[in-house]
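Residue-level structure breakdown
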Amino acid sequence: MIKIRNTQRKIPVDLDVFRKQVGAVKRTLGREKYCVGYWLASDRTLQRFNKEYRGINQPTDALSFRADIPYDLGDVLIGVQYIARRAEHYRVPLSHVLPLVVVHSLCHLAGHDHDHAASEERMHEAEGQALANLKELGLFHGEGIEDIYSSY
């Protein structure tokens, strides 16, 4: 199951495509039977949660919260406005950047991290497989995102 809540209204997001991207990444990671929730929210909401949970008083692109419940990956808050600004900075469409955030956040929820070189390598491998699968399905057109991708 994929739960999506979109409370931000400034940036249009195709929620059907977003849902398909999340589903495809879950399958790539072998977590298709797991629940996950996505909340597409405003800068103000992300700033509030970022301050509360990380002690950083500014908006961010995403915050992932793992669940301690069987077959529930957890929830992700997505800062759509923040991501749109990054896309604009790099002169690429939001639709090229948002899948990177989906892939990165789902990899974190699936247990990957980038705290050490070995785990970072495994995470990048999983991300690469997920992005390749999205491209194959026509759900990702990431031309011009190399600089952005290297920041994840």
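Each remark here, short or long, concerns the structure printed above.
Notes on the structure follow. The numbers attached to residues start from 1 for each chain and follow its sequence in the written order. Reporting of local features is limited, given that this is a predicted model, to residues whose pLDDT is at least 70; pairs of side-chain atoms are given and counted only at 80 or more, and all residues count toward the totals for whole chains, interfaces and linings. Excluding hydrogens and water, the side-chain values take into account all heavy atoms of the structure.

**Overview of the sheet that holds strand 3 (residues 62-66)**
What makes two strands pair is DSSP finding at least two bridges between them. Helix and strand definitions here come from DSSP, where helices need a minimum of 4 consecutive H or I residues and strands a minimum of 2 consecutive E residues; each element is numbered from the N-terminal end. Taken in spatial order, the four strands line up as 1-2-4-3 in an open sheet, and their pairing is mixed. Every interior strand has two partners, whereas the edge strands, strand 1 (2-6) and strand 3, have only one. Strand-to-strand twist in this sheet, taken as the mean axis angle between neighbours without regard to direction, amounts to 10°. Across seven bridges, the pairing between strand 2 (residues 35-41) and strand 4 (residues 72-79) is parallel. Note on strand 4: the bridge partner recorded for Gly37 is Asp75. Contact criterion: two residues are considered in contact whenever any of their non-hydrogen atoms come within 4.5 Å of each other. Only C-alpha atoms enter the line fits that serve as axes; for helices the fit covers just the stretch in contact. Angles between N-to-C directions range over 0 to 180 degrees. Sitting on the sheet, helix 2 (residues 43-54) is in contact with strand 2, strand 3 and strand 4, with an inclination near 50° to strand 3. The strands touched by helix 3 (residues 80-89) within the sheet are strand 2 and strand 4, with strand 4 carrying the most contacts at an inclination of about 60°.

**Let's talk about the nonpolar core**
One recurring pattern in soluble globular proteins is that nonpolar side chains are buried together. Counting residues in hydrophobic clusters, the biggest one holds 37 residues, and the most contacted among them are Val22, Val25, Val36, Tyr38, Ile78, Leu106 and Leu134. The greatest single-element share of this core, amounting to 10 residues, is contributed by helix 4 (residues 94-109). The residues contacting Leu134, other than those within four sequence positions of it, are Gln21, Ala24, Val25, Pro99, Val103, Leu139 and Phe140. We define the nonpolar core as a collection of buried residues of types Ala, Val, Leu, Ile, Met, Phe, Trp, Tyr and Cys that are connected through side-chain atoms lying within 4.5 Å of one another. We call a residue buried when its accessible area falls under 20% of the maximum for its residue type, exposed when it is over 50%, and partly exposed in between, using a 1.4 Å probe and counting protein chains only. Core analysis: the second largest hydrophobic core is formed by six residues, Trp39, Leu46, Phe49 and Leu63 among them.

**Section: the packing of helix 1 (residues 15-28) against helix 5 (residues 117-136)**
Axes are the key here: two packed helices are described by the angle between their axes and the distance separating the axes. The geometry of helix 1 relative to helix 5 is characterised by a closest axis approach of 9 Å and an angle of 130° between their N-to-C directions. One finds that helix 1 runs oblique with respect to helix 5. Considering how the two elements wind past one another, helix 1 and helix 5 form a crossing that is right-handed. Touching Gln21, Ala24, Val25 and Thr28 of helix 1 are Gln129, Ala130, Asn133 and Leu134, all from helix 5. Here the contact of helix 1 with helix 5 is built from residues that sort into four nonpolar, four polar and no charged. Throughout, the term roughly parallel applies to angles under 35 degrees, roughly antiparallel to angles over 145, roughly perpendicular to angles from 65 to 115, and oblique to all others. A clockwise turn of the near helix away from the far one marks a right-handed crossing, whereas an anticlockwise turn of less than a right angle marks a left-handed crossing. All residues other than Ala, Val, Leu, Ile, Met, Phe, Trp, Tyr, Cys, Pro, Asp, Glu, Lys and Arg, Gly among them, are scored as polar; the first ten of these are nonpolar and the last four charged.

**A closer look at the state of the cysteines**
The definition used for a disulfide is geometric: two cysteine sulfur atoms within 2.5 Å. For the structure on display, the rule yields zero disulfides. Take Cys107: it sits in no disulfide, and the sulfur closest to it among the cysteines is that of Cys35, at 18 Å.

**Observations regarding the pairing of strand 1**
Pairing of strand 1 with strand 2, which is carried by five bridges, proceeds in the parallel orientation. Residue pairing in the sheet places Ile4 in a bridge with Tyr38 of strand 2. With the strands pointing away from the viewer, any crossover whose connection runs clockwise from the first strand over the helix to the second is right-handed. For the segment spanning strand 1, helix 1 and strand 2, crossover handedness is left-handed.

**Quick look at the layout of surface pockets**
Taken as a whole, the second largest pocket encloses approximately 190 Å³ of empty space. Points on a 1 Å grid, built from protein atoms alone, make a cavity when a 1.4 Å probe fits but cannot get out and make a pocket when they are open with protein on both sides within 12 Å along at least 5 of 7 lines; residues with an atom within 4 Å of a point are the lining residues. Lining of the second largest pocket is provided by 15 residues; of these, Asp14, Val17, Gln21, Ser95 and Pro99 occupy positions nearest its centre. Of all elements in the fold, only helix 1 and helix 4 reach the threshold of two or more residues within the lining of the second largest pocket. Here the residues of the lining of the second largest pocket sort into nine nonpolar, five polar and one charged. Grid points are joined across faces, edges and corners, and a volume is the space filled by probe spheres set on the points.

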